[in-house]
Amino acid sequence: MSGPVFFGDKSREGRMKLDRRHLLRLAGATAVAAAAGPASAVTPAFAPAIGVQLYMLRDLLAKDVEGTLAAIARIGIRFVEFAGYHDRTPAQWRALLTANGLIAIGAHGLYPDMRDEQAAAAIDAAAAIGLEWVVAAVPRLPGLTLPITEEKFRAATQRITADDIKAAAARFNRFGEMAKAAGMRFAYHNHGFDFRRYDGRYGLDLILAETDPALVGLELDIGNTIAAGADPLPYLAPGGRVRLAHVKDWRGPYTPSLYEIPASAPVGEGTIAWPPILAALKRARVPYVFIEQEGINQADALDLLARNWRYLQGEGK
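Counting from 1, residues in each chain are numbered in the order their sequence is written. With pLDDT at 70 or above as the cut-off, local features in this predicted model cover only qualifying residues; side-chain atom pairs require 80 or more to be listed or tallied, and sums for whole chains, interfaces and linings still use all residues. Computation of side-chain values covers all heavy atoms of the structure but excludes hydrogens and water.

**Brief notes about the sheet that holds strand E9 (residues 242–247)**
The strands that make up a sheet are held in pairs by hydrogen bonds between backbone atoms, and each pair lies either parallel or antiparallel.
Thought 1: By definition, two strands form a pair when at least two bridges between them are found by DSSP. A run of H or I in DSSP counts as a helix once it spans at least four residues, and a run of E counts as a strand once it spans at least two, with each numbered from the N terminus. The strand order around the closed barrel formed by eight strands is E1-E2-E3-E4-E5-E8-E9-E12, and the pairing between neighbours is parallel. Going across the sheet, the axis of each strand differs from the next one's by a mean of 30°, ignoring polarity.
Thought 2: Where E9 meets strand E12 (residues 288–291), four bridges bridge the pair, whose relative direction is parallel. The residue of E12 that forms the bridge with Leu244 is Tyr288. Working convention: axes come from line fits to C-alpha atoms, limited for helices to the stretch in contact. Angles between N-to-C directions cover 0 to 180 degrees.

Below is the structure:
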């Protein structure tokens, strides 16, 4: 997580405030679903609130946080998920979000190798902004050392063992306990390498089996799942673990891979059949879905974000 760490209010009163914010956000998601009307790409009985994972706009944010947030709001997007804080304080972020009519739902920034005090600092930073979710995006990555490069990261993902996954799951249970104590919730976000098999079972399924459903939710990255050759629909069964989701599309042709991602496309312009997936997100009552198109020219990022948004709002059909 970039930027300084700040400590949030872990008092009973602070937790109650966060709980109220959680309820207000759920009410806001319902209002967005109702406002979407019959033209929505997701049927109107229940529609996830659509937002953006800010990692998609990381270079723009590094240059101009204020202008980029204003541009997101002009597209019509109201929900965001952090991947770094760009050297702004929680108070600054709260003011920026309010000024642009945005609601921040969660942040990526927890890692299994964090000590408890490091994880607590990250959770407190998220709580100080008023986030509902804190997310870990990787399991334990053996042998990964600083400085992290793409090559070193890829090599580490190929060394993950079943024991590494179980160790990560134990930490995720702990993170879930810590997030709950702060009035928040914890989720794990998958990549393609989570679908490597260990004694016939996907690594992701091992994580789910080894974690407490009351403490650890799943942020299902639908694009990563499909790029790895796996089916996202079983994870989207009603009553399942998915509480958040990422959507991204891929250009064809491509060969499924656990470690390489295909060329990206805006949602609805690639090879993925979205109608059954969007219907499954609705049936599973997943509250928040975040756009995250990867491998793009940052100069085109806002235009691409708008194209993703229009499709998901039903305008691209």
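Here the narrative resumes.
**Side note on the nonpolar core**
Thought 1: What makes a nonpolar core is a set of buried Ala, Val, Leu, Ile, Met, Phe, Trp, Tyr and Cys residues whose side-chain atoms join them at distances within 4.5 Å. Buried, partly exposed and exposed residues are distinguished by accessible area as a fraction of the type maximum, computed with a 1.4 Å probe on protein chains only: under 20%, between the cut-offs, and over 50%, respectively. Of all hydrophobic cores here, the largest spans 88 residues; its most connected members are Phe82, Leu110 and Ile222.
Thought 2: With eight residues, helix H5 (residues 116–129) is the single largest residue contributor to this core.
Thought 3: We call two residues in contact whenever any of their non-hydrogen atoms come within 4.5 Å of each other. Leaving out residues up to four positions away in the same chain, Leu110 has contacts with Ala119, Ala122, Ile123, Val134, Val135, Ala136, Ala137, Phe175 and Phe186.
Thought 4: Within the second largest apolar cluster, nine residues are counted, among which are Phe79, Ile105, Val135 and Phe290.

**A look at the pattern of salt bridges**
Thought 1: Between Lys or Arg on one side and Asp or Glu on the other, a salt bridge is scored when a side-chain nitrogen of the former is within 4 Å of a carboxyl oxygen of the latter. On inspection of all chains with the given rule, the structure shows 14 salt bridges.
Thought 2: A salt bridge links Arg140 to Asp164; the shortest N-O distance between them is 2.5 Å. You can see Arg140 sitting in the loop between strand E4 (133–136) and helix H6 (150–158) and its partner Asp164 sitting in helix H7 (residues 162–181), a full 24 residues away along the chain.
Thought 3: Judged by relative accessible area, Asp164 falls into the buried class, the value being 8%.
Thought 4: The network of salt bridges with common partners includes Asp116, Arg171, Arg174 and Glu177.

**Remarks on the side chain of Asp249**
Thought 1: Assignment of secondary structure puts Asp249 in strand E10 (residues 249–250).
Thought 2: His residues and chain termini do not enter the charge count, which takes Lys and Arg as positive and Asp and Glu as negative. We note that Asp249 is buried and unpaired, the nearest opposite charge coming from Arg251 at a distance of 8.4 Å.
Thought 3: Throughout this description, a polar contact denotes any pair of N or O atoms lying within 3.5 Å of each other; where both atoms belong to protein, one of them has to be capable of donating a hydrogen while the other can accept it, and for residues adjacent in sequence the pair is counted only when both atoms sit in side chains. Here the side chain of Asp249 touches Thr271 through a polar contact of 3.2 Å, landing on its backbone nitrogen.
Thought 4: Only 3.1 Å separates the side chain of Asp249 from the backbone nitrogen of Ile272, close enough to count as a polar contact.
Thought 5: Excluding its chain neighbours within four sequence positions, the residues that come into contact with Asp249 are Ala263, Ser264, Ala265, Pro266, Val267, Gly268, Glu269, Gly270, Thr271, Ile272 and Trp274.

**Notes on the environment of Asn100**
Thought 1: Topologically, Asn100 is positioned in the loop between helix H4 (90–99) and strand E3 (103–110).
Thought 2: Asn100 gets classed as buried once you look at its relative accessible area, which sits at 17%.
Thought 3: Considering only alpha carbons, one finds Asn100 and Ala73, 27 residues apart in sequence, at a separation of 6.2 Å.
Thought 4: The contact partners of Asn100, leaving out residues within four places of it in the chain, are Leu69, Ala70, Ala73 and Arg78.
Thought 5: Within the structure, Asn100 has its side chain in polar contact with the backbone oxygen of Leu96 (distance 2.9 Å).

**Digging into helix H3 (residues 65–75)**
Thought 1: All of the buried residues in H3 are Val65, Thr68, Leu69, Ala71, Ile72 and Ala73.
Thought 2: Packing partners of the buried residues in H3 comprise strand E1 (49–53), helix H2 (58–63), H4 and helix H11 (301–312).
Thought 3: Where H3 begins, the side chain of Asp64 points an oxygen toward the backbone nitrogen of Glu66, at a separation of 3.4 Å.
Thought 4: Where H3 terminates, the next one or two residues include Gly76, which has phi positive at roughly 115°.

**A word on the packing of aromatic side chains**
What describes a pair of aromatic rings is the distance from one ring centre to the other and the angle between the planes of the rings.
Thought 1: Under the pairing criterion, centres of Phe, Tyr and Trp rings, with the six-membered ring standing for Trp, must be within 6.5 Å; the plane angle then separates stacked pairs below 30 degrees from edge-to-face pairs above 60, leaving the rest tilted. Inspection of the entire model under this criterion finds 10 aromatic pairs.
Thought 2: Pairing Phe79 with Tyr288 gives two aromatic rings, centres 5.7 Å apart and planes at 50°, and the pair type is tilted. With a gap of 209 residues between them, Phe79 in strand E2 (residues 79–82) and Tyr288 in strand E12 connect regions that are remote in the sequence. Judged on exposure class, the residue Phe79 and its partner Tyr288 are both buried.
Thought 3: Geometrically, the ring pair formed by Phe172 and Phe175 is tilted, given 6.4 Å between the ring centres and 45° between the ring planes. With Phe172 and Phe175 both in helix H7 and three residues apart, this pair spans about one turn of that helix.

**Observations concerning the packing of H7 against helix H8 (residues 203–210)**
Thought 1: Between H7 and H8, the least distance of the axes is 9 Å, while the angle of their chain directions is 40°. Taken together, the axes of H7 and H8 lie oblique to each other. The handedness of the crossing between H7 and H8 comes out as right-handed. Across the interface between the two elements, Ala162, Ile165, Lys166, Ala169, Phe172 and Asn173 from H7 touch Gly203, Leu206, Ile207 and Glu210 from H8.
Thought 2: Following the grouping adopted for this structure description, the nonpolar residues are Ala, Val, Leu, Ile, Met, Phe, Trp, Tyr, Cys and Pro, the charged ones are Asp, Glu, Lys and Arg, and the polar ones are all others, Gly among them. Classifying every residue of the contact of H7 with H8 by side-chain character gives six nonpolar, two polar and two charged. Just so you know how the angles are binned, under 35 degrees is roughly parallel, over 145 roughly antiparallel, 65 to 115 roughly perpendicular, and the rest oblique. For any helix crossing, the convention is left-handed if the near helix is rotated counterclockwise from the far helix by under a right angle, and right-handed if that rotation is clockwise.

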